[in-house]
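# Structure at a glance
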Amino acid sequence: MSENLVKKVDERGQDNLIARLYPPALTVPVKIAAGAGMLERGTVLSRKDDGTCEVMKAGGNAAYILHTAVDASGSEDVPAVAYHSGNFNPDAVIVGGDYELTAADKDALRKYGILFTGMLED
């Protein structure tokens, strides 16, 4: 009666999303709003008034960075995992459309423990 207790869960290559080890990259469960579409790892999420999250765009409330890609194109909210702290490469994060993170967005994320450090900075 032999049973395989080891399974390969996920395989991930180098994506340069995490820039430094401090503060530690910690995760939290979140819900992605229905109809948000396919979201890639590293997408900056804004928290809506109802507690669900969507892709960061103008007027959003920056709160998290998506840990793992998720498909939220259906009609129901989708559970996901997001970083609520960590030090990230600003060139590797994703936001909606042609929107760019502002200094105010980065400051809002800093309150949650999310910092940005360019990969070529010392």
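Our structure's up above, just so we're on the same page.
As the structure is a computational prediction, the values presented were derived from the model and not from experiment. (Residues numbered from 1 in each chain as written. Predicted model: local features only at pLDDT ≥ 70, side-chain atom pairs only at ≥ 80, totals over all residues. Heavy atoms only, no water.)

## A word on the nonpolar core
V44, I65 and F116 are the most contacted members of the largest nonpolar core, which has 15 residues in total. Elements represented by at least two residues in this core include exactly β6 (62-66), β8 (78-88) and β9 (114-116). Residues within four places of V44 in sequence aside, it is in contact with E54, V55, M56, Y64, I65, V93, I94, V95, L101 and L109. (Core = buried A, V, L, I, M, F, W, Y, C linked by side-chain atoms within 4.5 Å. Buried < 20%, exposed > 50% of the residue type's maximum accessible area, 1.4 Å probe, protein only. Helix = DSSP H or I, 4+ residues; strand = E, 2+ residues; numbered from the N terminus. Contact = heavy atoms within 4.5 Å.)

## Examining the pattern of salt bridges
Inspection of the entire model under this criterion finds two salt bridges. A salt bridge links E54 to K57, with the nearest nitrogen and oxygen atoms 3.7 Å apart. (Salt bridge = Lys/Arg side-chain N within 4 Å of Asp/Glu carboxyl O.)

## Things to note about the environment of I32
Among the secondary structure elements, I32 is positioned in strand β2 (residues 26-32). Spatially, the C-alpha atom of I32 lies 6.6 Å from that of A72, the residues being 40 residues apart in sequence. Not counting the four nearest positions on each side in its chain, I32 is found in contact with L39, L45, C53, L66, V70, A72, D77, V78 and A80.

## Describing unusual backbone geometry
Of the consecutive residues Y22 and P23, the connecting peptide bond is found in the cis state with omega at -5°. Summarising the element assignment, P23 is placed in the loop between β1 (18-20) and β2.

## Points about the environment of P24
Among the structural elements, P24 can be located in the loop between β1 and β2. Taking the C-alpha atoms as reference, P24 lies 9.7 Å from Y83; in sequence the two are 59 residues apart. When sequence neighbours within four positions are dropped, the list of residues in contact with P24 reads S85 and G86.

## Some points on the pairing of β8
Across the eleven residues of β8, eight count as buried, placing the element largely inside the fold. One ladder, built from two bridges, connects β1 with β8; its direction is antiparallel. Looking across to β8, one finds that R20 is bridged to N87. Judged from the two bridges that link them, β6 and β8 form a sheet pairing that is antiparallel. The residue bridging L66 from the neighbouring strand is A82, located in β8. Bridging between β8 and β9 involves three bridges; their strand directions are parallel. Across the sheet, residue F88 finds its bridge partner in β9, namely F116. (Pairing = 2+ DSSP bridges.)

## Looking at a negative patch on the surface
Residues D49, D50, E76 and D77 make up a contiguous surface patch of negative charge. Among the residues examined, D49 registers a relative accessible area of 87% and is labelled exposed. (Patch = residues over 30% accessible without salt bridge, like charges linked within 9 Å, V, L, I, M, F, W, Y side chains within 5 Å. Areas by Shrake-Rupley, 256 points an atom, 1.4 Å probe, with all protein chains shown as cover. Lys, Arg positive; Asp, Glu negative; His and termini not counted. Charge placed at Lys NZ, Arg CZ, Asp CG, Glu CD.)

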